[in-house]
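Okay, here's what each chain looks like letter by letter:
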Amino acid sequence: MKARFCFGLALGFTGLVGALALVIGHGSVLAINGFSDNQELPLPLTAPIANSGASFIVRGLEPSVRVDQQGTVYVSSIRGVPGGVDLHRYYAAADGQPGMGGAYPFKYEGQPDNCGIFNAQQGGCANNHLDPFGLGLGGGDVDIAVNYPSRGVPNLALVSLTLAPGITGTHSTDQGNTFSTPNPVVALIPGDDRQWIDGINALNVYLNYHDAPTFNIEVQRSNDGGETYLNGFAEAIDPQTFPAAGGVPATNSANVAGQIKVDRSSCPSRGNLYQIFVAPDSANENLSGGALRSVYVGVSTDVKVGLPVFTFTDFKVFPGPAGAQNQGAENLFPALAVDDFGFVYAVWSDNSNILFSSSSDQGTTWTTPIQLNSGTTIGNSNVFPWVAADGNGHVGIVWFGDDRPGNSNDRGALEPGHPPSQGAACNSGTSCMQGWAQWNVYYAESVNGHDATPFFFQSVISDHVIHRGTLSTGGLGGGADRSLADLFQVAFDPRHFANVAFSDDHKVNTGVGPDNGPDNPTSRRLIRANFTHQLMATAGSVVTTGSCAGSPPPPPLGAEKITGVGQIPSQKPGLSANFGFVAKNDPPNASLSYHDDGATGGSIDVHSSNVTVPTVTFSGNCATFKGSAKLNQKPGYNYNVNTCDGDPAAGKDTFFISVSGPNFSYSNGGFITSGNIQIHQQ
């Protein structure tokens, strides 16, 4: 998936009804299938561009939703680069009680990533105030994460995509009322795509994204709540899997990455990182441009050590069937969740079926996927699944489903009477949309999600048709309708109830136009984030006790690993060079970070790259490992490290490094001046 630039330009400026009454507490509210009335999250119609007389058309796409441990609900959506992102918040103590139909009185918190290119009069950044010039820095993609402190207001982190220079990061410590100054270069590698974040503890946030040169999935850790992401580094596609999933050469099929997830349980697995992605099933398929038909999950268990680097090991969840592109797993995006007992859940779509699998051993092995969707959805188009989990086996999954058979990208089947060009007039008359496919939001819930045969209760949770016609699963390369973009999300609150934010275009944008009637495809649609939340349990009581998920198989006897963090003298007297590494030999894997501001010829920053499988050898308490690297964020280099775990009391640990590449050579090393190197034997 390449980065998506999506914004509308306009010249000039110019009824939600509940379907079922449910008794909740002491009152009665309008709702559908146990959920509140759908509510539109308001935004301005346009964003004027200075005094040009032109405006960007404001849209609310790809909403992210999170709920913190105090019950604060956050919804963020994108306008598209360079329009920035928008944030809505609901916190009962400050914002009031729900209204009729269970609707939350959301507070609009502005544009947290707003560091607009024409904002010189505001010092370059507007924080979360509206940009009067309509040009925020980000808006290509958004994701948010909440932290889990032992006390106090949970931190809220937000990242927004611009592609170049990369990813903008910011965070709030007062529930979204103010944000830190947006940092437009939180990604170590410029030229990025589709970032995701997740949080643990008081201020730890993990960020993942694609880098443009190799299309590996880069992972960085923040220890300051998401202001910077300089405290940890890894690549989620391990060197053994990279030939099947990497983007080298550039003609490869490569991969599509889902959201990164961290285990926040109280189990031994707490702190594990999980990264889901879809890719070809083999290196040969990747080289020949084959379908992204198989599902993988990268697992990091050494991330819990807290070193500046960590490693992932990838496992195949599902070897998808060979065949056409849209019959595999690439249907934007695979999704992942971890419950409160360390069980891991994966969902994805083959365009017709929503598929579900779980792992009871920290992502090492996975159950045979089951078809999740049931009833009238079988055989129809079902796309964009997302998953949340908490309790012990409590899982909630949302997706878009239509009312007829046919691939979601098939204009002939889902948009009869419509010529091939998007937004074109009907072939006859002005109301062909009356015969188009109708889409709704579906929710399936289970309270025994990791059982051998989990039971899911399915319901419709949109109280109106949210979209008509096709839905593209091809990203920017798709020819079908992208009005709702590529995803929407679900999150559980502290009561174990689902909160869902989704994009919707069922209304005509009468304020901007053209308005040629509600059933005419030439009319401009109003695209807004909508929200609904669960009012009552639908699948039974959530289990909050039980045993933790099992451990992965132990490494074989004799397997070795070495870790290290610290400093050695720089090439320039008086300065120090920093290093961190993890290297292990079964299977061979290594992650390296090295920085020397005093290097001859200028500062160097070295990070290992999984383009090739590293070699790792051990001799006594020493190890040598070498592999491919990025030098100052550019690929095409190699590193070689020799390091020894000496007597800690005598300070005998040593670290030597050499880096080579096009017209470049560097070497340095000696006894470490701070830190520790430790060898681990099984």
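The structure displayed is predicted, hence computed values, not measured ones.

Looking at the overall build of the protein chain
Point 1. A tally of helices and strands in the protein chain yields four helices and 44 strands.
Point 2. The burial tally for the protein chain puts 61% of its 682 residues in the buried class.

As for the pattern of salt bridges
Point 1. Counting across every chain of the model gives 22 salt bridges.
Point 2. Close ionic contact of Lys507 with Glu40 constitutes a salt bridge, the shortest N to O distance being 3.0 Å. Here Lys507, found in strand β33 (residues 498-508), pairs with Glu40, found in strand β5 (residues 39-40); they are 467 residues apart in sequence, far enough to count as distant.
Point 3. In this structure Lys507 comes out as partly exposed when scored by relative accessible area, which is 29%.
Point 4. With a closest N to O distance of 3.0 Å, Arg66 and Asp143 form a salt bridge. One end of the pair, Arg66, is in strand β8 (residues 61-67); the other, Asp143, is in strand β12 (residues 142-146), and 77 residues separate them in sequence. Of the two residues, Arg66 and Asp143, neither departs from the other in class, the shared state being buried.
Point 5. Overlapping salt bridges, with partners in common, bring together Arg89, Asp95, Lys107 and Glu109 in one network.

Things to note about the packing of aromatic side chains
Point 1. The final tally for this structure, using the stated rule, is 25 aromatic pairs.
Point 2. Look at Tyr345 and Phe356: their rings are 6.0 Å apart centre to centre, the planes differ by 20°, and that puts the pair in the stacked class. Of this pair, Tyr345 sits in strand β24 (residues 344-349) while Phe356 sits in strand β25 (residues 354-359), and the two are 11 residues apart along the sequence.
Point 3. Geometrically, the ring pair formed by Tyr594 and Tyr666 is tilted, given 5.9 Å between the ring centres and 55° between the ring planes. In this pair, Tyr594 sits in strand β37 (residues 588-596) while Tyr666 sits in strand β43 (residues 664-671), placing the two residues 72 residues apart along the sequence.
Point 4. Take Tyr594: its relative accessible area is 0%, and that puts it in the buried class.
Point 5. By relative accessible area, Tyr666 is classed as buried at 4%.
Point 6. A network of ring pairs unites the aromatic residues Phe579, Phe581, Tyr594, Phe625, Tyr639, Phe655 and Tyr666 as a single cluster.
Point 7. Lying over the aromatic face of Trp196, Arg194 brings its terminal NZ or CZ to 3.7 Å of the ring centre.

What to know about empty space enclosed by the protein
Point 1. Quantified by volume, the largest cavity comes out at close to 50 Å³.
Point 2. Residue lining of the largest cavity: Phe233, Ala234, Glu235, Phe310, Thr311, Phe312, Asn589, Ala590, Ser591, Ser608 and Asn610, and that is the complete set.
Point 3. Of all elements in the fold, only β18 (232-235) and β37 reach the threshold of two or more residues within the lining of the largest cavity.
Point 4. A per-class count over the lining of the largest cavity returns five nonpolar, five polar and one charged.
Point 5. Every residue along the wall of the second largest cavity is listed here: Leu188, Ile189, Phe233, Asp605, His607, Lys630 and Gln633.
Point 6. Taken together, the residues of the lining of the second largest cavity break down into three nonpolar, two polar and two charged.

What to know about the side chain of Asp141
Point 1. Tracing the chain through its elements places Asp141 in the loop between β11 (107-108) and β12.
Point 2. Judged by relative accessible area, Asp141 falls into the buried class, the value being 0%.
Point 3. Polar contacts involving the side chain of Asp141 include one to the side chain of Arg194, which spans 3.2 Å.

With respect to the sheet that holds strand β9 (residues 73-78)
Point 1. If you walk across this open sheet you meet the four strands as β8-β9-β10-β11, and the pairing is antiparallel. Bordering the open sheet on either side are β8 and β11, each of which pairs with just one other strand.
Point 2. As judged from the six bridges shared by β9 and strand β10 (residues 85-90), these two strands associate in the antiparallel manner. Each residue of the ladder has a partner; that of Tyr74, found in β10, is Arg89.

Here's the deal with the state of the cysteines
Joining two cysteines, a disulfide is a covalent bond between their sulfur atoms.
Point 1. Enumeration over the complete set of coordinates arrives at three disulfides.
Point 2. Linked covalently through their sulfurs, Cys426 and Cys432 form a disulfide whose S-S length is 2.3 Å. Measuring handedness by torsion sign, the sulfur bridge of Cys426 and Cys432 sits at about -80° and is left-handed.
Point 3. Judged by its relative accessible area of 10%, Cys426 falls in the buried class.
Point 4. Shown here is the disulfide that connects Cys622 with Cys644, its sulfur atoms set 1.9 Å apart. For the disulfide bridge between Cys622 and Cys644, the dihedral angle about the S-S bond is near 110°, and by the sign convention the bridge is right-handed. Remark: Cys644 occurs in strand β41 (residues 634-644) and Cys622 occurs in strand β40 (residues 622-631); sequence separation between them is 22 residues.
Point 5. We classify Cys644 as buried; its relative accessible area is 16%.

Observations regarding the layout of surface pockets
If a probe as big as a water molecule is rolled over the atoms, it shows which places are left empty.
Point 1. In this structure, the largest pocket occupies an estimated 720 Å³ of space.
Point 2. Taken together, 32 residues make up the lining of the largest pocket; nearest its centre are Tyr148, Arg264, Asp340, Ala389 and Asp390.
Point 3. Taken together, the residues of the lining of the largest pocket break down into 16 nonpolar, six polar and 10 charged.

Topic: the sheet that holds β24
Point 1. Taking strand neighbours across the sheet as the criterion, the four strands line up as β23-β24-β25-β26 in an open arrangement whose pairing is antiparallel. Looking at the sheet topology across the chains shown, the edges are occupied by β23 (335-338) and β26 (370-371).
Point 2. Of the strand pairs in this sheet, β25 and β26 are connected by two bridges, and their pairing is antiparallel. Each bridged residue has a counterpart across the sheet, and for Phe356 the counterpart in β26 is Ile370.

Let's talk about the confidence of the model for the protein chain
Low pLDDT means the predicted coordinates in that region are not meant to be read closely.
Point 1. Overall, the predicted model of the protein chain reaches an average pLDDT of 89, with 90% of residues at or above 70.
Point 2. When the criterion is pLDDT under 50, residues 1-30 qualifies, and its contacts beyond four places in sequence or with other chains add up to 93 contacts.
Point 3. Counted against residues more than four places away or in other chains, residues 120-124, with its pLDDT under 50, gives six contacts.

Section: the pairing of strand β14 (residues 167-172)
Point 1. The buried fraction of β14 amounts to six of the six residues, a majority that puts the element mostly inside the structure.
Point 2. Of the two faces of β14, the one holding Ile167, Gly169 and His171 and the one holding Thr168, Thr170 and Ser172 are both buried throughout.

A few points about the nonpolar core
Point 1. Ranked by size, the top nonpolar core spans 63 residues in total, and within it Ile397 and Phe400 carry the most contacts.
Point 2. Of all the elements, strand β27 (residues 380-390) adds the most residues to this core, at six residues.
Point 3. Core analysis: the second largest hydrophobic core is formed by 28 residues, Phe618, Val641, Ile657 and Ile679 among them.

A word on the side chain of His450
Point 1. Mapped onto the secondary structure, His450 falls in the loop between β29 (438-446) and β30 (457-460).
Point 2. A polar atom in the side chain of His450 sits 2.6 Å from the side chain of Asn392.
Point 3. Apart from residues lying up to four places away in sequence, His450 is in contact with Asp339, Phe343, Tyr345, Ser358, Ser360, Asn392 and Gly393.

What counts as what
- Residues numbered from 1 in each chain as written.
- Predicted model: local features only at pLDDT ≥ 70, side-chain atom pairs only at ≥ 80, totals over all residues.
- Heavy atoms only, no water.
- Helix = DSSP H or I, 4+ residues; strand = E, 2+ residues; numbered from the N terminus.
- Buried < 20%, exposed > 50% of the residue type's maximum accessible area, 1.4 Å probe, protein only.
- Salt bridge = Lys/Arg side-chain N within 4 Å of Asp/Glu carboxyl O.
- Phe/Tyr/Trp six-rings, centres within 6.5 Å; stacked < 30°, edge-to-face > 60°.
- Lys NZ or Arg CZ within 6 Å of the ring centre and 35° of its normal.
- 1 Å grid on protein atoms, 1.4 Å probe; cavity = no way out; pocket = protein on both sides within 12 Å on 5 of 7 lines; lining within 4 Å.
- Points joined across faces, edges and corners; volume = space filled by probe spheres on them.
- Nonpolar A, V, L, I, M, F, W, Y, C, P; charged D, E, K, R; others polar.
- Polar contact = N/O pair within 3.5 Å; in protein donor to acceptor, adjacent residues only side chain to side chain.
- Pairing = 2+ DSSP bridges.
- Disulfide = S-S within 2.5 Å.
- pLDDT = per-residue confidence, 0-100.
- Contact = heavy atoms within 4.5 Å.
- Core = buried A, V, L, I, M, F, W, Y, C linked by side-chain atoms within 4.5 Å.

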